[in-house]
Amino acid sequence: MPGPAGVVEPAGATATAERPGTGVPAGPDVPGTDPAGAEPASGPSPSEAGPGLPAEYSGAPGGELEPGELELELAELELGGVDLPKVPATSPVGRLAATVERLRKEVREAQAEAEGRALVELAKGILVERLGCGPAQAARQLGELAEQARVTPLEFAVEVINQAARDRVSEVAGAFLAATARSQEPVEESAAVRLRAAESGVLAADDTQAVADSLLQHALSPLGACAVAIWAAGSDGSLTLAGSAGFTPAESARWRYVPPDVATVARRGLTDPDGQWLPSLAESGLPTIGRREFADGARVALPAGVGGRIHGVLEIAWPKPEGPQPPQVVRQVEALAELCAHTLEAHTPPAGTGHEPRVLPDAVELMDLADGLHDPALVLVPHLDDTGRLADFRIQHVNSRFLDPAGRSRAVVSGALLLEAYPMAAGTSELFQRVERVYATGEPFRAHRMRLTALVDEVPLTTVADISISRHGSSVLLIWRIEDETARLASLLQNAQRLGRIGGFEENLLTGEITWNSQLFGLYGRPPTSTPVPLENLAAHAHPDDAVAIGRFLRTLLHRRRPASAAFRLMRPDGVTRHMRVVAEPVLDTDGQTFVVRGAYQDISAQHWTEVALAATRDQLAHTEQQADERNRLALQLQHAIMPPEQTPLQIPDLQVAVRYRPAETEHLVGGDWYDAVVLPSGLVLLCVGDVAGHGIEAATSMVVLRNALRGLAVTGAGPAQLLSWLNIVAHHLTGAVTATAVCGLYDGERRTLRWARAGHLPPVLVRDSEASALPRLKGLLLGAVPEAVYEETEVQLAAGDTLLMYTDGLIERRDRSVEESLSHLLSTARSAPGSLHQHLDRLLTYSRSDTDDDTCIVGIRLT
């Protein structure tokens, strides 16, 4: 109790005196007081008031400070630069801080005791009403029941309130306690007590700031949350910080207002019906209050709504990242958001913030506003069900311009529920959902050419309209402008004529009246104020060479009375000649006589010149194709002249020789594959196949050069390796640097041996005793790659019945298979050899899986 000279005597504490001029309690050693609390004759100067203490805390004596004022004074000290934790506890400022902290604790305990006492008194009132007893008996009954249940009187009082209320808070508390019981984890304080204490604090609070303090203290701190912000939603989509706890005053001041359409965590929570549950604020990248203090912590932003209308957002911050919250915690937070909605419903921003909401009209003023619109408009008011939830909207008023898509009168629609009058509004058009969202958030909605469906005699009738939905106070204004089909089609026709460079006309042959549209005046190069040109004078405005075509057109149209068309060159007044096409039809009267002609002109100049260019291109392409065909035919004739598909068999004792050549299926792919089998003067048999890179006549002529050069070089008696070395020089220096692959062999009939070498070509295949295998891949570059090359040579001993195959890649090559896979298929085909060598080669061509459409050469020998 207060003592003399402003001395405060808290329970259990020694007497302390106030600091003069402040009302702050001072200890015995604080300058300005004596131990007895009497004022000294003289005090220190402001500069001597204490280390780090501002000068305004000394001076004339002042009155007492309430506990809340003590907290405010301490906050000002901290913001003013006084680092209290570093001050020694024995110093004057240290003693001041200890005293303020003690008073804070006492204030919090007193608040908790008052809130608990309010809940106990509410439970006693419930027992008085149900048991029909007096207050004293109800208090005794409450104590006895709590002792039997082995819980505190406060916990039992909350249980009584929950059973009597059966509201959202009791449901959430029950779910939370059930989950806690299943997990068998100790709980420091009952969830029901925390929720009811938070609810009591919210209902007793006179502003949203007190609501935020109560939520953080009673309900959110036990969940690990460190801060909370309550945002009030404006009608324009803006957000105003109505209250916060856990954030610094400077941070709250920075975030006191968020303009519309600014993406923040609270903004996302406002637009998302399920809210925003962010495990980590840093990962989201969204700005929000306290981002610097709790950058990595989890965030939750839930819309705070009641009765289908969202009044703001409840945002909660955690100090560190959090995983998905259990369902009971989610329901608890949703219940807290609903508690905030009741407070925000009556929230008014403080004056002087610069963001006062504009005065919104009530339903009567909105009805007057709707009557002044030139578009059909409906005024809707929310219709709530028995539980207070939004169920529908009642059509409070329809203006005089209202046009019902189903053709009903205004009296039938006015006063009805929206879903009763327009049940299809909840269908695919989502009109009802749009109205519901606008009413909840206050954000206007506009849509162009939205499809609306109405039931007319149980038949769906769809119309197209422009929609505008906006919230005004507690009402919604719905405006729709049903699209005029005639105007829309006229606009489409006008745009089509403009894009197609078409102009329409109509000529009355009886009155001589001629009507042109604006597009036709532009095509003729004449001003819109000039006189239209009659059809009978059309030849005077056309090129003289087109007079015959125009005369035929007029005779068919006017005399034969049949639709007609003609193409002509229009000579415009500005000297420009345009290619035009006119199409017209006669309109006959009841006597079968023509009295009106209507039609259209089209500027086909671009089409004409395109056709001219296309014709020239077509002629040039035909000439090019003819040249290509001649070149391909020449290359094919040259190839067939040198290498016919079948060659006259060689007469060699104990040896059969057969060749096959399959040209490309497409003539323009005539390639450079070649083969040769000839008996040399030495008695050896030259066997070779090759493939020149490329197609066409260049490849064919290069093939001829290499084939003849190898024949000439073979008479020297050199071995296969030396022959390929010389042939490489020919390919590199004498044929325009072509490249080719080849395999060359010399067969000795007396020794029955084959010496062979290869230049980048596939090795030969040896078939012996129903087994087929490829000969080793000897080293050797392809021909023409380098000026000089050395090739490896080997000898194969053959026996009676052996078959040796040389081939080009056109026999096995596939685009979707590797060379090894294709070679394996060839070996499996070659080992099942028919009776004769010719049949063997034909079988290989028949079962070839090549898909490259390339030339193919095969040379085969069989020893007998």
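All values derive from a computational prediction rather than experimental measurement.

(A) Structural view of the overall build of the protein. Tallying secondary structure elements over the protein gives 23 helices and 28 strands in all. Counting the 864 residues in the protein, one finds 44% classified as buried. Expressed as a percentage of contacts within the protein between residues at least 6 apart in sequence, the contacts between residues at least 24 apart total 58%. A total accessible area of about 43,800 Å² is found for the protein, and carbon and sulfur atoms account for 53% of it.

(B) The arrangement of empty space enclosed by the protein in detail. Taken as a whole and assessed by the stated rule, the structure comprises three cavities of 30 Å³ or more. Size it by volume and the largest cavity reaches roughly 80 Å³. The element best represented in the lining of the largest cavity is strand E11 (residues 445-456), accounting for three residues.

(C) Structural context of the sheet that holds strand E4 (residues 239-245). Taken together, six strands build an open sheet; the order of strands is E5-E4-E3-E8-E7-E6 and the sheet is antiparallel. If you trace the sheet from one side to the other, it starts and ends with strand E5 (257-258) and strand E6 (276-278), each paired once. Along the sheet face, helix H7 (residues 208-220) touches strand E3 (227-233), E4 and strand E8 (309-317) and points at about 50° away from the line of E4. Lying on the sheet, helix H11 (residues 327-345) is in contact with E3, E4, E6, strand E7 (299-306) and E8; it crosses E7 at an angle near 50°.

(D) Representation of the pattern of salt bridges in the model. A complete count under the given rule lists 21 salt bridges for this structure. For aspartate 603, the salt bridge identified is with arginine 578, shortest N-O distance 2.9 Å. Remark: arginine 578 occurs in strand E17 (residues 577-588) and aspartate 603 occurs in strand E18 (residues 594-603); sequence separation between them is 25 residues. A salt bridge links arginine 707 to aspartate 676; the shortest N-O distance between them is 3.5 Å. One end of the pair, arginine 707, is in helix H20 (residues 697-714); the other, aspartate 676, is in strand E20 (residues 671-679), and 31 residues separate them in sequence. On the basis of relative accessibility, which here comes to 8%, the residue arginine 707 falls in the buried class. A relative accessible area of 1% means that aspartate 676 is categorised as buried. Taken together, the shared-partner salt bridges in this structure form one network comprising Arg501, Arg578 and Asp603.

(E) Looking closely at helix H18 (residues 547-559). Helix length check: H18 (13 residues) gives 17 Å between terminal C-alpha atoms against 18 Å at 1.5 Å per residue, within 8%. Listing the buried residues of H18 in full gives Ile550, Gly551, Phe553, Leu554, Thr556 and Leu557. Close packing links the buried residues of H18 with strand E16 (564-571), E17 and E18. Once H18 ends, the next one or two residues include arginine 561, with phi positive near 55°.

(F) Looking closely at the packing of H7 against H11. For the pair H7 and H11, the least separation of the axes is 11 Å and the interaxial angle reads 165°. Relative to H11, H7 is oriented roughly antiparallel. Relative to H11, the crossing made by H7 is right-handed. In this structure, H7 contributes Thr208, Val211, Leu215, Ala219 and Leu220 to the contact, and H11 contributes Gln332, Leu336, Cys340, Thr343 and Leu344. Looking at the contact of H7 with H11, its residues break down into seven nonpolar, three polar and no charged.

(G) Main features of the side chain of serine 475. Relative to the helices and strands, serine 475 is located in strand E13 (residues 475-482). Owing to a relative accessible area of 1%, serine 475 belongs among the buried residues under this scheme. Other than its neighbours up to four places away in sequence, serine 475 contacts Ala363, Leu366, Val379, Leu380, Val381 and Ser470.

Conventions we followed
Each residue is numbered by its place in its chain's sequence as written, counting from 1. In keeping with the predicted nature of the model, local features appear solely for residues at pLDDT of at least 70, side-chain atom pairs appear and are counted solely at 80 or more, and the whole-chain, interface and lining totals rest on all residues. As a rule here, side-chain values come from all non-hydrogen atoms in the structure, and water together with hydrogens is ignored. Only DSSP runs of H or I with at least four residues qualify as helices, and only runs of E with at least two residues qualify as strands; both kinds are numbered from the N terminus onward. When a residue's accessible area, from a 1.4 Å probe over protein chains only, is under 20% of the maximum for its type it is buried; when over 50% it is exposed; and in between it is partly exposed. Here, two residues are considered to be in contact whenever any of their heavy atoms come within 4.5 Å of each other. The protein chains shown are the only cover counted for residues, whose accessible areas, like all others here, come from Shrake-Rupley with a 1.4 Å probe. Only protein atoms enter the 1 Å grid used here, on which a cavity is any set of points holding a 1.4 Å probe that cannot leave and a pocket is any open set flanked by protein within 12 Å on both sides along at least five of seven lines; residues with an atom within 4 Å of a point are listed as lining. Grid points are joined across faces, edges and corners, and a volume is the space filled by probe spheres set on the points. Here, a strand pair is defined by DSSP locating no fewer than two bridges between the strands. Lines fitted to C-alpha atoms define the axes, with helix axes restricted to the stretch in contact, and inter-axis angles between N-to-C directions lie between 0 and 180 degrees. Any Lys or Arg side-chain nitrogen found within 4 Å of a carboxyl oxygen on Asp or Glu counts as a salt bridge. One less than the residue count of a helix, multiplied by 1.5 Å, gives the span that helix is expected to have. Any angle that is under 35 degrees is reported as roughly parallel, and any over 145 degrees as roughly antiparallel; angles of 65 to 115 degrees are reported as roughly perpendicular and all others as oblique. In this scheme the crossing of two helices becomes right-handed for a clockwise turn of the near helix relative to the far one and left-handed for an anticlockwise turn of less than a right angle. Under the scheme applied here, ten amino acids are nonpolar (Ala, Val, Leu, Ile, Met, Phe, Trp, Tyr, Cys and Pro), four are charged (Asp, Glu, Lys and Arg), and all others, including Gly, are polar.

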